[in-house]
Amino acid sequence: MPTTQKTQTASPVGRDTPRVDGPRKVSGLAQYTSDFHFPGMLYAVPVEATIANGKVVKLDTAAAEKMPGVRAIFHRENIGKIFRSTLGQGFEGVCEERRPPFEDDVVRYYGQYIALAVADTFETAKAAADAVRATYAKEKPNVETDLKADDDPDEVVTTFGTRQRLDSKRGDAEGAFASSPVKLDQTYVTPSETHNPLELHATTAIWDGSTLTLYESSQGVVNLRGVLAQMFGLPKENVRVITKFVGSGFGSKLWPWTQCPLAAAAARQVGKPVKLVLSRKMMFQSVGHRPRTQQRVRLGATRDGKLVSLQHDYVYQRSILDAHHEDCGEATPFQYSVANLRVTFGRARRNVGAGADMRGPGRVPGLYATESAMNELADQLKIDPVKLRILNEPKIDESLGVPFSSRHLLECFELGAEKFGWSRRSPEVGSMKRDGLTLGWGMAGCSWIAGRFSSEASVELRDDGTARVASATQDIGTGMYTILAQLTSQKTGVPLDKVEVALGDTSLPEGPLSGGSMATESVVPAVFSAADNAITSLLTIAATTPGSPFEKHKPDDLAFEGGRVFVKADGPAKGVPFDDLLRRANLRLVSGSGRSEATFGNPKPKFSTHSWGCHFVEVTWQPELARLRVSRVVTVMDAGRIINPLAGRNQIVGAVVMGIGMALLEHTSYDPQNGAPINSNLADYVVAVNADAPPIDVHFLDFPDKEINELGARGIGEIGLAGFAAAITTAVHHATGVRVRELPVKIENLLA
Ligand code: MOS
């Protein structure tokens, strides 16, 4: 049996740790972007195009301008200069919609901003925006859902700004497929999905001469600073971005969207702070979505279940101008062992807003397709789907030809099957019953990339026994405040409640993006080295301060543990607290900085680094009521060392609930007449809620991955969603006999 992490350690790392920012959140003291108010602040409301393809011929702003309390109606002629941003080094200039707002009069998607009303109150600004009349030269929008590639690029800019070819090939996939004794050839479709974080996107822009401060709901303040500095032609030192709390983002807040430069440009023109908060409807139009995908998967296998050929050819929807890459084939080349493989992709332009990363971009739709195909192949072969996966477990990453840093997927299957009771499965459709309900069982494997972004942090030890850790990363609801406090407490011995955490501000040391599930793994070495550097300085102070108990020693003779300095030879029992030493030296604090380099994006890595996992799910089906419920989930994750199991479990549970939504509920529909996302509200775009969630049993394996950082911690923000929909559709088939290959599964699919 694999060991599961029993979690409760004496040290802060590995211990269930309630959020250190919890009291601030529940008492209302946590300030989200739209909670900030400034003297003289004005409100901005964008005017949205009501066509998805054509041109603005005329804008009539006269009525809006005359309304009392209206300060300005901005549009192409009076907004002032906004430059395009370009990709620079690392995260300097990454955004999905590269065209600055109001750059031309062409409308490419419904809801594109064509004007901006600025007024004394939000209500007045909204009324003024509604009073702006646009005349269009309209053309029929293309929001066709059948995707045929019209664009087949050699190279793409991937999520996180690296450029590479993303198709891959080994052996002779076509030939091996043709001669395979067992073949599967199916196409799987995932719809456009919209991120629906509770907190709406929001910006408040404040100018002070040529210095711009932005309060923004952002998953990446450092990149946002780079983009806005470029757009306004400023040195980046002149831009400060502040994001103290984020009411989640799921990827929609990774990269800047056009409302941010619009608010900044308006604030520059009116000379006052300007706040712009999107409506829920705008969230469906102009701040990204998971693009629709159509994926053909062909598997060739021997009769005893060994894969001999895998072809994954996918097309995804892109916007007219922008080229977000939805990397559906990312995991295909290494998830299983197969000698002959081909992955290709193409893109289909549509009159929709720019696509964007949404929790588990690429791999989530990709693994839905490939894991569904594996389950269908298992049925065809009459082999247990767990056994089929075990039969095709690779020894190394066959695409890169390098070992995995740590891969315990088989142990995930073993534990998941045991906890779920998988051995009691009867494979025939509709053959399992409980309490008059038909049961359906399904499972799937999953993975998510692991790696580090470059990261900086500082740690201070202070004369009152407290510590401070700072890094310009973000807490998007994942628990970064708590992680930074735990890491600092671990190194310094300062209790959690005495560690002050500063994040979400570009005036702090440059921290990582909250994306790719890589923020936690990235900050570990930076915080640890910052703490080590602070401790080294402290030891020098201890050895050199007149009157210090360690005055007669060299710094090298001293050690630090649990907040106390001691002579190595004497051991920690005779240690002196660091605050005592600082007070004797008349020092308020001692500080250290730390930096760690990125591992992500290395084209020739020594190891293939990923997290792994699996889901086992049970659905209940009542054909007489056409009622389908998810009744039980067991999820096992091999994500390295878990720093905060309480928050980690919370991530997986949240992802699983989102997976129920992906499998059964979520899809953004575009009106073929005007190109509008028609279900652009939370009544018509249905997400899974507590009432949809069954008991979710989460287990973490405990295999620290030392290639990632010294704790062996990998990321867990996204992997819980990967593979989940395939487990559900397989369970639905097992219960009902209906194989749904286009998400979401609708009740009408199941009515015979
Ligand atoms: Mo995640 S889609 O990288 O926020």
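Not measured: the values here are computed from a predicted model.

K.L.:
Got a sec to walk through the overall build of the chain? Specific residues and values, please.
P.N.:
Assigned secondary structure in the chain consists of 17 helices and 29 strands. Taken against the 2.2 N^0.38 rule, which gives 27 Å for 752 residues, the C-alpha radius of gyration of the chain at 27 Å falls within 12% of a compact globule. Long-range contacts, defined as pairs at least 24 residues apart, comprise 81% of the intrachain contacts of the chain with a sequence gap of at least 6. Only carbon and sulfur atoms are counted for the fraction: they give 51% of the accessible area of the chain, which is about 27,500 Å². For the chain, the distance from the average position of its 84 positive side-chain charges to the average position of its 86 negative side-chain charges is 1 Å.

K.L.:
Residues and numbers for the sheet that holds strand E15 (residues 293-301), please.
P.N.:
Spatially, the five strands line up as an open sheet ordered E9-E17-E16-E15-E10, and their pairing is mixed. Looking at which strands have only one partner, the edges of the open sheet turn out to be strand E9 (168-170) and strand E10 (182-190). Neighbour-to-neighbour, the strand axes of the sheet open up by a mean angle of 15°, direction not taken into account. Bridging between E15 and strand E16 (residues 307-319) involves nine bridges; their strand directions are antiparallel. Within E16, the position partnered with Ala301 by the bridge is Leu307. Each of E10, E15 and E16 touches helix H9 (residues 363-381); the most contacted strand, E10, lies at about 145° to it.

K.L.:
So, the pairing of strand E21 (residues 467-471): which residues are in play, and what are the values?
P.N.:
Buried residues dominate E21, accounting for four of its five residues. In sequence, strand E20 (residues 455-462) turns back onto E21 through a hairpin of four residues, with Gly465 there showing a positive phi of about 85°. Pairing geometry for E21 and strand E22 (residues 499-503), over five bridges, is parallel. Paired with Val469 across the strands is Val501, a residue of E22. In terms of handedness, the path from E21 via helix H12 (residues 480-492) over to E22 forms a crossover that is right-handed.

K.L.:
Summarise the pattern of salt bridges; cite the residues concerned and give the values.
P.N.:
Two side chains with opposite charge may pair up if their charged atoms get near one another. One pass over the structure, following the stated rule, counts 45 salt bridges. Where Arg76 meets Asp105, a salt bridge forms, and the shortest distance between an N and an O atom there is 3.9 Å. Remark: Asp105 occurs in the loop between strand E3 (70-74) and strand E4 (106-107) and Arg76 occurs in the loop between E3 and E4; sequence separation between them is 29 residues. For Arg588, the salt bridge is made with Asp464, and the minimal N-O distance between the two is 3.6 Å.

K.L.:
Run through the pairing of strand E13 (residues 239-242), naming residues and quoting values.
P.N.:
Regular strands place their side chains on alternate faces of the sheet. Of the strand pairs in this sheet, strand E12 (residues 211-216) and E13 are connected by four bridges, and their pairing is parallel. Across the sheet, Leu214 pairs through a bridge with Val241, a residue of E13.

K.L.:
Describe the nonpolar core, and please don't skip the residues or the numbers.
P.N.:
When a protein is soluble and globular, its nonpolar side chains tend to lie buried together. Judged by nonpolar contacts, the single largest core of 100 residues is most densely connected at Leu299, Leu377, Trp422, Phe616, Ile652, Leu664 and Ile728. Ignoring any residue separated from it by four or fewer positions in sequence, one finds Leu299 in contact with Phe177, Val182, Lys183, Leu184, Leu307, Ser309, Leu310, Ala373, Met374 and Leu377.

K.L.:
Give a description of the packing of aromatic side chains that names residues and reports values.
P.N.:
If you walk through the whole model with that rule in mind, you get 20 aromatic pairs. Relative to Phe232, the ring of Trp207 has its centre 5.7 Å away and its plane inclined at 70°; by these criteria the two rings are edge-to-face. Here Trp207, found in strand E11 (residues 202-208), pairs with Phe232, found in the loop between helix H5 (221-231) and E13; they are 25 residues apart in sequence, far enough to count as distant. On the basis of relative accessibility, which here comes to 19%, the residue Trp207 falls in the buried class. Summarising the aromatic geometry, the rings of Phe284 and Tyr685 are spaced 5.3 Å apart at their centres and angled 70° between planes, so their arrangement reads as edge-to-face. With Phe284 in the loop between helix H7 (280-283) and E15 and Tyr685 in the loop between helix H15 (645-664) and strand E29 (696-700), this pair connects stretches of sequence that are 401 residues apart. A relative accessible area of 2% means that Phe284 is categorised as buried. The rings of Phe420, Trp422, Trp441 and Phe616 are connected pair by pair, giving a single aromatic cluster. The side chain of Lys183 reaches across the aromatic face of Phe177, ending 6.0 Å from its centre.

K.L.:
An account of the environment of Ala129 is requested, with residue identities and associated values reported.
P.N.:
Structurally, Ala129 is set in helix H3 (residues 122-131). Judged by relative accessible area, which is 6%, Ala129 ranks as buried. Residues Ala129 and Glu65 lie 64 residues apart in sequence; the distance between their C-alpha atoms is 9.7 Å. Apart from the residues lying within four places of it in its own chain, the contact partners of Ala129 are Val45, Pro46, Val47 and Ala117.

K.L.:
Tell me about the side chain of Glu371, and please be specific about residues and values.
P.N.:
Tracing the chain through its elements places Glu371 in helix H9. Note on Glu371: relative accessible area 0%, which makes it buried. Within polar-contact distance, the side chain of Glu371 engages the backbone nitrogen of Gly445 at 2.7 Å. Ignoring sequence-local partners within four residues, the contact set of Glu371 consists of Gln335, Tyr336, Arg389, Ala444, Gly445 and Ala726.

K.L.:
Give a detailed account of H3, specifying residues and quantitative values.
P.N.:
Among the residues of H3, Thr124, Ala125, Ala128, Ala129 and Ala131 are the ones counted as buried. Along H3, the residues classed as buried sweep out an arc of 160° about the axis, all on the same side. Contacts made by the buried residues of H3 are with strand E1 (42-48), strand E2 (54-60), helix H2 (62-66), E3, strand E5 (113-119) and strand E6 (133-138).

K.L.:
Residue-level account of H5, with values.
P.N.:
Taken across its 11 residues, H5 has 10 buried, putting it largely inside the fold. Looking at the buried side of H5, the elements it contacts are E12, E13 and helix H6 (259-270). At the exit of H5 stands Gly233, carrying a positive phi of roughly 65°.

K.L.:
Break down unusual backbone geometry for me, with residues and values.
P.N.:
Here the bond from Leu743 into Pro744 is cis, since omega is -5°, no more than 30 degrees from zero. Topologically, Pro744 is positioned in the loop between helix H16 (724-736) and helix H17 (747-750). Non-glycine residue Phe102 carries a positive phi angle of around 65°. Mapped onto the elements, Phe102 comes out in the loop between E3 and E4. For Phe102, a relative accessible area of 5% gives the class buried. In the Ramachandran plot, Lys382 falls in the positive-phi region, its phi being about 55° despite a non-glycine side chain.

Definitions and limits used
Residues numbered from 1 in each chain as written. Predicted model: local features only at pLDDT ≥ 70, side-chain atom pairs only at ≥ 80, totals over all residues. Heavy atoms only, no water. Helix = DSSP H or I, 4+ residues; strand = E, 2+ residues; numbered from the N terminus. Rg over C-alpha atoms; globule rule 2.2 N^0.38 Å. Contact = heavy atoms within 4.5 Å. Areas by Shrake-Rupley, 256 points an atom, 1.4 Å probe, with all protein chains shown as cover. Lys, Arg positive; Asp, Glu negative; His and termini not counted. Charge placed at Lys NZ, Arg CZ, Asp CG, Glu CD. Pairing = 2+ DSSP bridges. Axes fitted to C-alpha atoms, helices over the stretch in contact; angles between N-to-C directions. Buried < 20%, exposed > 50% of the residue type's maximum accessible area, 1.4 Å probe, protein only. Right-handed = clockwise from strand over helix to strand, strands pointing away. Salt bridge = Lys/Arg side-chain N within 4 Å of Asp/Glu carboxyl O. Core = buried A, V, L, I, M, F, W, Y, C linked by side-chain atoms within 4.5 Å. Phe/Tyr/Trp six-rings, centres within 6.5 Å; stacked < 30°, edge-to-face > 60°. Lys NZ or Arg CZ within 6 Å of the ring centre and 35° of its normal. Polar contact = N/O pair within 3.5 Å; in protein donor to acceptor, adjacent residues only side chain to side chain. Arc of directions from axis to C-beta.

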